[in-house]
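# Examination of the molecular architecture
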Amino acid sequence: MTLYLHYWTLVSFVAVVMSSPHWPELPNLSFLMIGITILCLSFKYRKGRFSVGLIFAFIIVLSHGHILQHKTKILFQSGQRISAIVEADSLFKPIQYGFQGIVIVKKINDQDLPSLFRPKIWLTSPVPLRYGEVLDADLRLKNIRGMMNVVGPDKEKFALSKGIVGYGNVVATKSLAIESRFSFHNYLINNLNEKIRQLNNIGMIEALLFGIKNNIDDELRDRLQQSGLSHLLTISGLHIGIIYSLGWGAGLIFFRLNSSFIYLPAVFGVSAAFFYAWLAGFSVPTLRAFVMCVLYCLMQYLIGRMSGPYKFLLTLSIILAIYPFSVVSPSLWMSVGAIAVIFLYQSMAEKKSHWLKTAFCMQMFIFVFMAPIVVLFFEGISTFSLLLNILFVPWFSFVVIPLNFLAFLTLGFGRVNQILWSSVDASLDLVIYVLNHLPQGWWDIESELIPYFFFLPLVAMCSLIFSKKALGLLGITIIFSLRNWHAPPSWQLNVLDVGHGLAVVILQGNRALVYDTGSATRRSSKVEQVVTPLLRYQGIEHIDYLVISHFDNDHSGGVNILRNEWSPRELVSSQNNDASIPCIKGESWKWGVLNVDIIWPEKTVSRAYNPHSCVLKVSDKRSEFSVLLTGDIVAMVEWLLIREPWSINAELLVVPHHGSKTSSIPQFIETVDPSIAVTSSTIGGRWNLPDPGVKKRYTDRGVEWIDTGSSGQIVVDVYTDGYKLNTRRASKGNSWYRHMLRKQVE
């Protein structure tokens, strides 16, 4: 009974903390005293001990959550423009305009902030800051309002995992001062750069020592991710564990010499792990891994014998008590999942088997049981992951990381140090060689297949226990339970959340029509972040039509990327280029059950600007549902369009020019007569769109107004007898921390 109670306490604690990011509201602080009172009573009354884990988790979440809320309040209480002194908490990386990194705000408008309540923000600066440097400058603050799509990046969730509560931009018109203190950490980085600047793999060496990935090119990043090896260059549990083992081994030598040094292996191991975590800037993953090392030592030396599952649950509970909101971080579950799988394998493996067989079986075990976590977070899996990890996990564990660490420790040893760095470089050249000769290895998993991956470990376990007939019956049960018995929609409209810009994807079966691509910069694009992941997630095999309304960056930034990756069958554009279908009024075609009509412009031009936007009407006669896609047309074009009212009447209107005052004249709205008006915009953006007056024109007519900045991705499933509209924030994005970071913009 006591053992059951201990397990239940830990399991219930973990469950409550895991649920906390999904709470719609954070309870008032007065509940904290209630929780503490109940916790105290539960120790006195035996029957109340079942609630210890639940109540303790509630107290932890409430405490951390309100500290985060108070940091947000302190940051913004003086307005959007402040004078601040900040300290760099990370290295700064180059972005399109300047440099960006994480800083801790120490002083606002000459007011010192208590250490516990110092906000952490992303800062964009005209100059890069080094770790520990202090900047005195005027800042322009912004709330964190990330994009919210079915797939793609989630900036708000990432901010929660890092404890970041806002954005700051250095006001370039004001003077700034940087206080450069001597930093041994920066000194080591600079000294290392001098030693290795002639090597081929500087970026990978920096990543393995300091967690700096700025010098790893995008192509190599992609290859590492597609091969399932990106975790080897992210300092986490594996790396800290290897360095701990090296320190432990050094301490073991002294213990063998003198048996009174019983604790020396643990002291050396923890010290080595601490030094490595310090080199990595004490990032959250490295701190978590270091805490795990310390807990392992304590459990080994002080607490005595424990079962593997209990040791695992206790470690996870302590980690979550320190970093409760790391539950939204994929890196936590990748690390924790791998440890859990290793514990499981050790409990089931043969006690006496060849080490090669053990290594292979363990990697197979990890691949199968980690597949659900990888698919859940990354919507895909590497087909070469098993083979490459069998090869390169030992290679990194026994060669690359120890050599790298040894070379770093011998920086002042002249010729010996050069030989060691050359060896490190050669060991990484082998990895690059293998990656360069591998074909495309990433398998994007369709949304319908993802649930099956969660049953893969169950089937693997059952195959060891049950007969083939029982296993077959289990397989049939899984297939029938996961099958979607609801009739699929005839087609689906997706207005993606791409910030300021537009990207609309219409899906029909396994084919797609894409209207505009969103923006792009030199380093990234909305196509790579949102459009392509959605197409892969939905199992799309071909893009039949790529329509570009006009060639402003926020509408066409990713056109070349999409064309190179997907090779659309037809390109539709009002600009005189290589479009296979010129966007000219009167053109139309049948696409499956849909009719596509071009409404505007009357002729193509050499350069398509806002007035030349390609206007499409997509209609379905069976459901009588139609969509009018308008690009960035202006009021003059709207006056011309209302002369033919039958051509523009639609159930759903994608609002012209993101809701700008230059469009949406009352007569146009009256003629289109939509039931739903959708605008693609970003809240608090540079252009302050949509305009409140424009929105009022629609709502005064009883039109349902939805904008992606407030609602996230908008999905309309169209059936033969009607349609169903969903927004991403309404279904998944109403958590308390999102309201806190976005300042209740919903």
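Residues numbered from 1 in each chain as written. Predicted model: local features only at pLDDT ≥ 70, side-chain atom pairs only at ≥ 80, totals over all residues. Heavy atoms only, no water.

### Comments concerning the overall build of the chain
Under the convention used in this document: For the purposes of this entry, the term helix denotes a DSSP run of H or I that reaches at least four residues, the term strand denotes a run of E that reaches at least two, and both are numbered from the N terminus. Based on C-alpha atoms, the radius of gyration is set beside the globule rule, defined as 2.2 Å times the residue count to the power 0.38. When a residue's accessible area, from a 1.4 Å probe over protein chains only, is under 20% of the maximum for its type it is buried; when over 50% it is exposed; and in between it is partly exposed. Any two residues whose heavy atoms approach within 4.5 Å are treated as being in contact. Only the protein chains shown count as covering a residue, and every accessible area follows the Shrake-Rupley method with a 1.4 Å probe. In this count, Lys and Arg are taken as positive residues and Asp and Glu as negative ones, while His and the chain termini are left out. By convention, the point assigned to a charge is CZ for Arg, NZ for Lys, CD for Glu and CG for Asp.
Secondary structure summary: the chain contains 28 helices and 25 strands in total. Here the C-alpha atoms of the chain give a radius of gyration of 29 Å, agreeing with the 27 Å that 2.2 N^0.38 yields for 746 residues. In terms of principal-axis extent, the alpha carbons of the chain reach across some 95 × 75 × 65 Å. Out of the 746 residues in the chain, the part that is buried amounts to 49%. Long-range pairs, those at least 24 residues apart, make up 69% of the contacts in the chain with a sequence separation of at least 6. Accessible surface computed for the chain: about 35500 Å², of which carbon and sulfur atoms make up 59%. In the chain, the 65 positive side-chain charges and the 52 negative ones have mean positions that sit 11 Å from each other.

### Points about the pairing of strand β24 (residues 714-719)
It is a general feature of regular strands that their side chains alternate between the two faces of the sheet. Worth spelling out the cut-off: In this analysis, strands are considered paired if DSSP registers two or more bridges between them.
Burial analysis of β24 places five of its six residues in the buried class, the great majority of the element. Two strands pair when backbone bridges link them, and β24 and strand β25 (residues 722-727) are joined in this way by six bridges, in the antiparallel orientation. In the strand pairing of β25, D717 is matched with K724. Hairpin remark: β24 followed by β25, antiparallel, with two residues in the connecting loop.

### Some details on the nonpolar core
Short version of the rule: Here, the term nonpolar core denotes a set of buried Ala, Val, Leu, Ile, Met, Phe, Trp, Tyr and Cys residues that are joined through side-chain atoms within 4.5 Å.
Counting 67 residues, the largest nonpolar core has L75, V86, V105, L123, L139, L320 and W736 as the members making the most contacts within it. By residue number, the principal contributor to this core is helix α3 (residues 52-76), which donates twelve residues. Sequence-distant contacts of V105, defined by excluding residues within four places in its chain, comprise L75, A84, I85, V86, L113, R118, P119 and I121. Counting 52 residues, the second-largest nonpolar core is a separate cluster that includes L220, A266, F392 and L435.

### Focus: the environment of W443
Tracing the backbone shows W443 in strand β10 (residues 442-444). In this structure, the C-alpha to C-alpha distance between W443 and F384, residues 59 residues apart in sequence, is 9.8 Å. For W443, the residues in contact, after removing those within four places along its chain, are G380, I381, T383, L449 and F453.

### Some thoughts on the side chain of D707
For the record, the criterion: The term salt bridge refers to a pairing of a side-chain nitrogen on Lys or Arg with a carboxyl oxygen on Asp or Glu at a separation within 4 Å.
Here D707 shows up in strand β23 (residues 704-707). As a buried residue without a salt bridge, D707 has its nearest oppositely charged side chain in K695, at a separation of 5.2 Å. With sequence-adjacent residues up to four places away left out, D707 is seen in contact with T679, S681, I683, G712 and I714.

### As for the state of the cysteines
Note the following rule: Only a pair of cysteine sulfur atoms within 2.5 Å counts as a disulfide in this structure description.
Tallied over the full model, the rule gives one disulfide. Note that C583 is cross-linked by a disulfide to C614, the S-S spacing being 2.0 Å. With the S-S bond torsion at 90°, the cross-link from C583 to C614 turns out right-handed. A residue pair is termed long-range when its members are at least 10 positions apart, and C583 in the loop between β16 (581-582) and β17 (588-591) and C614 in the loop between β18 (594-600) and β19 (615-620) qualify at 31 residues.

### Regarding a positive patch on the surface
Note the threshold: Patch membership requires more than 30% relative accessible area and the absence of a salt bridge. Residues of like charge join within 9 Å; the nonpolar side chains Val, Leu, Ile, Met, Phe, Trp and Tyr join within 5 Å.
There is a patch of like positive charges on the surface, built from K93, K155, R221, R522 and R523. Turning to its location among the elements, R522 is positioned in the loop between β13 (511-515) and α19 (526-537). Overall, the relative accessible area of 73% leaves R522 in the exposed class.

### Description of the packing of aromatic side chains
Within a pair of aromatic rings, the relevant descriptors are the distance that separates the centres and the angle that separates the planes. Note the cut-off: Stacked, tilted and edge-to-face are the three classes applied to pairs of Phe, Tyr and Trp rings, where Trp contributes its six-membered ring and a pair requires centres within 6.5 Å; stacked means planes under 30 degrees apart, edge-to-face means over 60, and tilted covers the rest.
In the structure shown here, the tally under the stated rule is 21 aromatic pairs. Taken together, a centroid distance of 5.7 Å and an interplanar angle of 65° make the contact between Y276 and F405 edge-to-face. Taken together, the positions of Y276 in helix α9 (residues 264-279) and F405 in helix α14 (residues 385-409) put the pair 129 residues apart, joining distant regions of the chain. With a relative accessible area of 9%, F405 lands in the buried category.

### Some remarks on a negative patch on the surface
Taken together, D217, D218, D222 and E528 make up a surface patch of like negative charges. Relative to the helices and strands, E528 is located in helix α19. The exposure class of E528 is partly exposed, given its relative accessible area of 43%.

### Describing the pairing of strand β6 (residues 134-142)
Where strand β1 (residues 81-88) meets β6, seven bridges bridge the pair, whose relative direction is antiparallel. Opposite V86, over in β6, you have L135 as the bridge partner. In this structure, β6 lies alongside strand β8 (residues 177-179), joined through three bridges in antiparallel fashion. Across the sheet, the residue bridging to D136 is A177, located in β8. Where β6 lies against strand β7 (residues 166-170), four bridges are found, and the strand directions are antiparallel. The residue of β7 that forms the bridge with L141 is G168.

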